[in-house]
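Chain by chain, the residues run as shown.
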Amino acid sequence: MYLHGTSRINDQGHLEIGGVDTTKLVAEYGTPLYVFDETLVRQRCREFVEAFGASGLKFQVAYASKAFCVMAMCRIVEEEGMSLDVVSDGELYTALQAGFPAERIHFHGNNKTISEMEMAIDAKIGCFVVDNFIELQMLNAIAAEKRQKVKILLRITPGVEAHTHEYISTGQTDSKFGFDLGNGSAFRAIGEASQLSNLDLLGIHSHIGSQIFEVEGFRIAAEKMAEFAIHVRTELGVTFKVINLGGGFGIRYVSEDTPLPVAVYVKAITDAILTNFGNNGYPLPEIWVEPGRSIVGDAGTTLYTVGTTKDIPGVRKYVAVDGGMTDNPRPALYDAVYEAGLANRATEQPAEIVSIAGKCCESGDMLIWDVNLPKVAAGDILAVSSTGAYNYSMASNYNRIRRPGVVFVKDGQSDLVVKRESFDQIVGNDVIPARMKQVSKTV
């Protein structure tokens, strides 16, 4: 298993993250357990901020909180001088409860509800990323009722396809997101938005996909945005102050993944903006990006305890752990692949290829189909790397399994940032109607 960030094998032959022995984390917090390398998270934040700072352009780096949203993470983002993207009232509430500055919050989403818009306007967030004509009119009307002027970007689908899994490519023409550039709806939206008195149109947004390992897609997107901006300025007299090129920067899950250094992605973006806007006499816009996975993805490790095994001679050996698709649904959703190792026996040589199964009553509950490990025994601690993005966020209570706790580790210290769910929380929202027979509890 590749060792990310501060991860290392200590003198006891155990996996250590942030200076903390993972076997001690398991003893204190139990499993499954999400472990985040805080030093690596902060390093990734700084890489983005410093790379854009070196460009001389005005910029905002907004962490896409959908990747991993808890109050402690919002605090880190604030401390590192970044902005924050949210896509629901729950994410917005989390950010506000964490004390995140509302003026640095951007609200995304293709179907924002009236109550979500009202909540965000009342909080005086920094910007809405508007996704469709209906939202445009609704947002203007709500802003008028509240006697406020709301800053917006319009999300544009530029027709640029990133080379990623079809379910996470969102920049192409056939997408549920945004105003299409090719069929003229983006141009119409600019004209409409510029006439709505309670909206302040800052510019446009695009997002071409996820897990991108090259810069060409970003260059093409910047070129298309510049061409569109120049056309809009000529025809409508509207000048964009902001160009948002979204996120999608890749990380390493397995050895076949080849992400570029953050500075390489950023230089490609800033060079494209300088070339396509500056060389055409267009006032250089402020550049926004939205890294999510690339901030937290490889900083996360999930720890499990090995339970039962099933050996089918000539077929495969299943090794079951105490988690699964409830804490990591990505293998089932996207055929996502991961690396893993035995955290308590990290120096031992691999001896068998096994498949890691979850404990859910679901045949598709598989975390890793083939991984080479030492001879596995019940009670071993399995560490699955690069689980920081979209694992906690997508976790569920399928089979009424409790969601894991989350700890941050740094400089030899562990801090609990999300408690493991309790049984009382599992049934906390259940209500038995009065018409049903009341019985005494058995637990």
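Just above sits the structure.
Residues numbered from 1 in each chain as written. Predicted model: local features only at pLDDT ≥ 70, side-chain atom pairs only at ≥ 80, totals over all residues. Heavy atoms only, no water.

So what's going on with the overall build of the chain? Which residues, and what values?
A count of helices and strands for the chain gives 12 helices and 21 strands. Taken over the C-alpha trace, the chain has a radius of gyration of 24 Å; the compact-globule value for 443 residues is 22 Å, and the two agree within 12%. In terms of its C-alpha atoms, the chain occupies a principal-axis envelope of roughly 70 × 60 × 40 Å. Sorting the 443 residues of the chain into buried and exposed places 55% on the buried side. When contacts within the chain are restricted to residue pairs at least 6 apart in sequence, long-range pairs at least 24 apart make up 69% of them. Within the structure as shown, the chain displays about 19,800 Å² of accessible surface, and the carbon and sulfur contribution to it stands at 49%. The centroid of the 41 positive side-chain charges in the chain is displaced by 4 Å from the centroid of its 54 negative side-chain charges. (Helix = DSSP H or I, 4+ residues; strand = E, 2+ residues; numbered from the N terminus. Rg over C-alpha atoms; globule rule 2.2 N^0.38 Å. Buried < 20%, exposed > 50% of the residue type's maximum accessible area, 1.4 Å probe, protein only. Contact = heavy atoms within 4.5 Å. Areas by Shrake-Rupley, 256 points an atom, 1.4 Å probe, with all protein chains shown as cover. Lys, Arg positive; Asp, Glu negative; His and termini not counted. Charge placed at Lys NZ, Arg CZ, Asp CG, Glu CD.)

So, the packing of helix α8 (residues 216–236) against helix α9 (residues 262–278): which residues are in play, and what are the values?
Between α8 and α9, the least distance of the axes is 9 Å, while the angle of their chain directions is 25°. Classified by the angle between their axes, α8 and α9 sit roughly parallel to one another. As α8 runs across α9, the sense of the crossing is right-handed. Judged by residue contacts, Phe-218, Arg-219, Ala-222, Glu-223, Met-225, Ala-226, Ala-229 and Ile-230 of α8 engage Tyr-265, Ala-268, Ile-269, Ala-272, Ile-273, Asn-276 and Phe-277 from α9. Across the contact of α8 with α9, the residue classes break down as 12 nonpolar, 1 polar and 2 charged. (Axes fitted to C-alpha atoms, helices over the stretch in contact; angles between N-to-C directions. Parallel < 35°, antiparallel > 145°, perpendicular 65-115°, else oblique. Left-handed = near helix turned anticlockwise from the far one by under 90°. Nonpolar A, V, L, I, M, F, W, Y, C, P; charged D, E, K, R; others polar.)

Explain the nonpolar core residue by residue, including any values.
Soluble globular proteins tend to pack their nonpolar side chains together in the buried interior. Within the largest apolar cluster, 89 residues are counted, with the highest numbers of intra-cluster contacts made by Tyr-63, Phe-128, Ile-152, Leu-154, Phe-240 and Val-296. What Val-296 contacts, discounting residues up to four positions off in sequence, is Phe-36, Val-41, Tyr-63, Ala-67, Phe-68, Met-73, Gly-388 and Ala-389. In this structure, Ile-251, Val-306, Val-354 and Leu-382 belong to the second largest nonpolar core, which totals 20 residues. (Core = buried A, V, L, I, M, F, W, Y, C linked by side-chain atoms within 4.5 Å.)

How would you explain the packing of aromatic side chains if you had to name every residue and give the values?
Inspection of every chain in the model, using the stated rule, returns 15 aromatic pairs. Site record: aromatic cluster; members linked through ring pairs are Tyr-34, Phe-36, Phe-68, Tyr-392 and Phe-408. Taking NZ or CZ as reference, Arg-155 lies 4.3 Å from the ring centre of Phe-177, over its face. Lying across the ring of Tyr-282, Arg-233 places its NZ or CZ 5.3 Å from the centre. (Phe/Tyr/Trp six-rings, centres within 6.5 Å; stacked < 30°, edge-to-face > 60°. Lys NZ or Arg CZ within 6 Å of the ring centre and 35° of its normal.)

Talk me through the sheet that holds strand β1 (residues 8–9); I want residue IDs and the actual numbers.
Spatially, 3 strands are ordered β1-β2-β3 in an open sheet, and the strand pairing comes out antiparallel. The sheet terminates laterally at β1 and β3 (20–21), the two strands that pair on one side only. (Pairing = 2+ DSSP bridges.)

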